[in-house]
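Structural description and commentary
Below are the chains, spelled out letter by letter.
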Amino acid sequence: MKKFLVPLLLLGAAPLSHAARPFVTDDARVVDPDHCQLETFYKEQRAYAAHEFWFLPACNRLDVEWTLAGNRVEGENNLIVQGKKLLKPLQTNGYGLAFSVGAIGEQAYANGIASFSFLDDWSVIHTNVGYLENRPVFGIGLEQLLYAPRVYGIFETYGARSEKPTVHGGIRLWVIPNRFQVDSTYGVQQSDPVRRFFTVGLRFLF
C-alpha cells in the first residue's frame, strides 16, 4: 500500500520510490484515508562492509499519501520526503495508476506508477518509470500470492540509465493480515564488483 520506488539509486541499490515492503518498485496503492503505516528495514551489503537502516512512516491526508522519513547509510543520515497521489485505484483483474514526487537528501525524484491485477489478485505486476536527478530510472515487479491470505512472494528488477539493473526477490508474511507484516529479501546487481545484499523488515498499518 504505500510506497514509493524510494530513490532507487542512492548508493547503487536503494529504491527510487518504494512500494509496500519488501518491494523497491512502487505500487498503485496508498494507505487508506486518515490511516498511517510504518515500514522499517535493515539492509546489508555482501560485496563490502556496508549496512543501512530505513525508517519510513507515511499517512494519507487530504487524499495524498505523505512520507516524512529517514535513513542511515554507512554512518550518514538522510531525510526522505515524498507525496504520492493515486490517480486510479487498482481493481481486481484490472489496473491502477499513481505518481509520486519527493527527495532523499538533496536528490529529487519523480515516479510514474502502473499496477496490473491478474487471476483475481493472485498475481499483480507493478511497473515504474521515473527520474532521479534527471537520470531515467525504471522498475518492474511481480507480487505473487503463495498461501492465502498470509504469504506472498516478490520478484523484481530495477535500475537506472548507465547502470546494471538489480534483481531482487523475497517473501512477505502477514503475521496479522493487513496489520503487521515481516519480510526478507536477497538482491544482486551485476556490477564490478558484483553487489549482493539482503534485507529484513517490518511493516505496521494503523
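Source: prediction; values computed, not measured. (Residues numbered from 1 in each chain as written. Predicted model: local features only at pLDDT ≥ 70, side-chain atom pairs only at ≥ 80, totals over all residues. Heavy atoms only, no water.)

1. A look at the sheet that holds strand S4 (residues 50-61)
- Taken in spatial order, the twelve strands close into a barrel running S3-S4-S5-S6-S7-S8-S9-S10-S11-S12-S13-S14, and their pairing is antiparallel. Strand after strand, the sheet turns through a mean of 20 degrees between neighbouring axes, direction not considered.
- Where strand S6 (residues 76-88) lies against strand S7 (residues 95-104), eight bridges are found, and the strand directions are antiparallel. Its bridge partner lying in S7, Gln82 is registered against Gly102. (Pairing = 2+ DSSP bridges. Helix = DSSP H or I, 4+ residues; strand = E, 2+ residues; numbered from the N terminus. Axes fitted to C-alpha atoms, helices over the stretch in contact; angles between N-to-C directions.)

2. Let's talk about unusual backbone geometry
- Cis rather than trans, the peptide bond between Ala148 and Pro149 has omega equal to -5 degrees.
- Tracing the backbone shows Pro149 in the loop between strand S10 (135-147) and strand S11 (151-160).
- Note that the residue after Asp192, namely Pro193, is joined by a cis bond; omega there is 5 degrees.
- Counting through the fold element by element, Pro193 comes out in the loop between strand S13 (180-189) and strand S14 (195-205).
- Unlike most non-glycine residues, Asp34 shows phi in positive territory, near 65 degrees.
- Looking at where Asp34 falls in the secondary structure, it is placed in the loop between strand S2 (17-19) and strand S3 (36-45).
- Positive phi outside glycine occurs at Asp120, with the angle close to 55 degrees.
- Position of Asp120 among the secondary structure elements: in the loop between strand S8 (107-118) and strand S9 (123-132).

3. Notes on the pairing of S9
- Examined bridge by bridge, S8 and S9 share ten bridges and lie antiparallel to one another. Along S9, the bridge assignment pairs Phe118 with Ser123.
- The turn joining S8 and S9, which pair antiparallel and follow one another in sequence, is formed by four residues; a positive phi near 55 degrees is taken by Leu119.
- Looking at chain direction, S9 and S10 are connected through ten bridges and run antiparallel. By the bridge assignment, Val124 is partnered in S10 with Glu143.
- Turn length for the S9-S10 hairpin, with the two strands adjacent in sequence and antiparallel, is two residues, and the turn residue Glu133 shows positive phi of about 50 degrees.

4. Comments concerning the environment of Val151
- Summarising the element assignment, Val151 is placed in strand S11.
- Val151 sits in the buried class, given a relative accessible area of 17%.
- Sequence-wise, Val151 and Leu173 are 22 residues apart; in three dimensions their C-alpha atoms are separated by 4.8 Å.
- When residues no more than four places from it in sequence are discounted, the contact partners of Val151 are Gln144, Leu145, Leu146, Ile171, Arg172 and Leu173. (Buried < 20%, exposed > 50% of the residue type's maximum accessible area, 1.4 Å probe, protein only. Contact = heavy atoms within 4.5 Å.)

What is shown is where atoms sit, not what they do.
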